[in-house]
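Working through the structure, step by step
So the chains spell out like this:
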Amino acid sequence: MTIRQAKSYLRYVLRHKRYVWQECRQQGLYLRGLLHDLSKLRPDEFVPYAEHFYQENGQVRSGEPEGDEAFDLAWLKHQQRNDHHHQSWVLRRDDGSVVALPMPMPVVREMICDWAGAGRAVGSSLTTEEWYAENKKNMILHEQTQDYIELLL
């Protein structure tokens, strides 16, 4: 990892955290907003993320690199450490089947704040509602969780 990759990624993480904090504050989720995504600063997440998303000169990569096992492992750790990711509420059973578990309401609210903050951080023109409509088909959600998301949006 180069210094430029590290600086670029750190700027993004801090921008993302600021926007998610603003969204969480509006929801009364002060502690969740403050602690949001702190694990991204741990070396086992930070380094693979910086290398995955930024070129050595610090510029954002166009398209995601295929077969980036270091990033895949960092992303898995991030999901497991941060319950605001819907993936951390999917149980993979020993027989290979998957079961979506219901997410607590404050966690769902933080997840929506995360989506909104991420969109703002990358300058997306999509609203959170539009982003969810485009991406919900790829999510494994408990019915109660999906209903709550759609009620909030």
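Notes on the structure follow. (Residues numbered from 1 in each chain as written. Predicted model: local features only at pLDDT ≥ 70, side-chain atom pairs only at ≥ 80, totals over all residues. Heavy atoms only, no water.)

When you go through the chain residue by residue, the secondary structure sums to 7 helices and 2 strands. Start at the N end of the chain and walk to the C end: the helices and strands fall as α-α-α-α-β-β-α-α-α. Compactness check: the chain gives a C-alpha radius of gyration of 16 Å against a globular reference of 15 Å for 153 residues, within 12% of the reference. The principal-axis extent of the C-alpha atoms belonging to the chain is close to 45 × 40 × 30 Å. Sequence-distant contacts in the chain: of pairs separated by 6 or more residues, those separated by 24 or more amount to 61%. Taken as a whole, the chain presents about 9200 Å² of accessible surface, with 53% of it coming from carbon and sulfur. Counting 19 positive and 22 negative side-chain charges, the chain places the centres of these two groups 8 Å from one another. (Helix = DSSP H or I, 4+ residues; strand = E, 2+ residues; numbered from the N terminus. Rg over C-alpha atoms; globule rule 2.2 N^0.38 Å. Contact = heavy atoms within 4.5 Å. Areas by Shrake-Rupley, 256 points an atom, 1.4 Å probe, with all protein chains shown as cover. Lys, Arg positive; Asp, Glu negative; His and termini not counted. Charge placed at Lys NZ, Arg CZ, Asp CG, Glu CD.)

What follows covers the packing of aromatic side chains. Using the criterion set out here, one finds 10 aromatic pairs in the structure. Between Y9 and Y49, the ring centres sit 5.7 Å apart and the planes meet at 45 degrees, which makes this aromatic pair tilted. Here the residue Y9 occupies a position in helix α1 (residues 3–26), and Y49 occupies one in helix α3 (residues 43–53), the gap between them amounting to 40 residues. Across this residue pair, the class does not change: Y9 and Y49 are buried. Through successive ring pairs, a cluster of aromatic residues spans Y9, Y12, F46, Y49, F53, Y54 and F71. Note that R18 overlies the ring of Y19, its terminal NZ or CZ placed 4.9 Å from the centroid. (Phe/Tyr/Trp six-rings, centres within 6.5 Å; stacked < 30°, edge-to-face > 60°. Buried < 20%, exposed > 50% of the residue type's maximum accessible area, 1.4 Å probe, protein only. Lys NZ or Arg CZ within 6 Å of the ring centre and 35° of its normal.)

Let us look at the environment of R81. The topology assignment puts R81 in helix α4 (residues 69–81). Distance in space between the C-alpha atoms of R81 and R109 is 17 Å, their sequence separation being 28 residues. If near-sequence neighbours (up to four positions away) are discounted, R81 is found in contact with S39, R42, D44 and E45. Engagement of the side chain of R81 in a polar contact is seen with the side chain of E45, the distance being 2.8 Å. (Polar contact = N/O pair within 3.5 Å; in protein donor to acceptor, adjacent residues only side chain to side chain.)

Now for unusual backbone geometry. Of note, D37 is a non-glycine position whose phi angle comes to about 60 degrees, a positive value. In this fold, D37 is placed in the loop between α2 (30–35) and α3.

Turning our attention to the side chain of Q79. Considering the arrangement of structural elements, one finds Q79 in helix α4. Setting aside residues no more than four positions away along its own chain, Q79 makes contact with H85, Q87 and S88.

Looking at the secondary structure, you find T145 in helix α7 (residues 143–152). Take T145: its relative accessible area is 1%, and that puts it in the buried class. Separated by 2.9 Å, the side chain of T145 and the backbone nitrogen of M103 make a polar contact. If sequence neighbours within four positions are ignored, T145 has contacts with L101, P102, M103 and V108.

Here the focus is α7. Of the residues making up α7, those classed as buried are T145, Y148 and I149. The arc enclosing the buried residues of α7, seen along the axis, measures out at 100 degrees, which places them on a common side. Structural note: α7 exposes E143 and L151 on the side pointing more than 90 degrees away from its buried face. (Arc of directions from axis to C-beta.)

So, on to the nonpolar core. Within the largest apolar cluster, 12 residues are counted, these being A6, Y9, Y12, V13, Y19, F46, Y49, A50, Y54, F71, A74 and A121. Mapped onto this core, the elements with two or more residues apiece are α1, α3 and α4. The contact partners of Y9, leaving out residues within four places of it in the chain, are K40, F46, Y49, A50 and Y54. Counting 11 residues, the second largest nonpolar core, distinct from the first, contains I112, M139, L141 and Y148. (Core = buried A, V, L, I, M, F, W, Y, C linked by side-chain atoms within 4.5 Å.)

It is worth stressing that arrangement in space is one thing and function is another; only the former is reported here.
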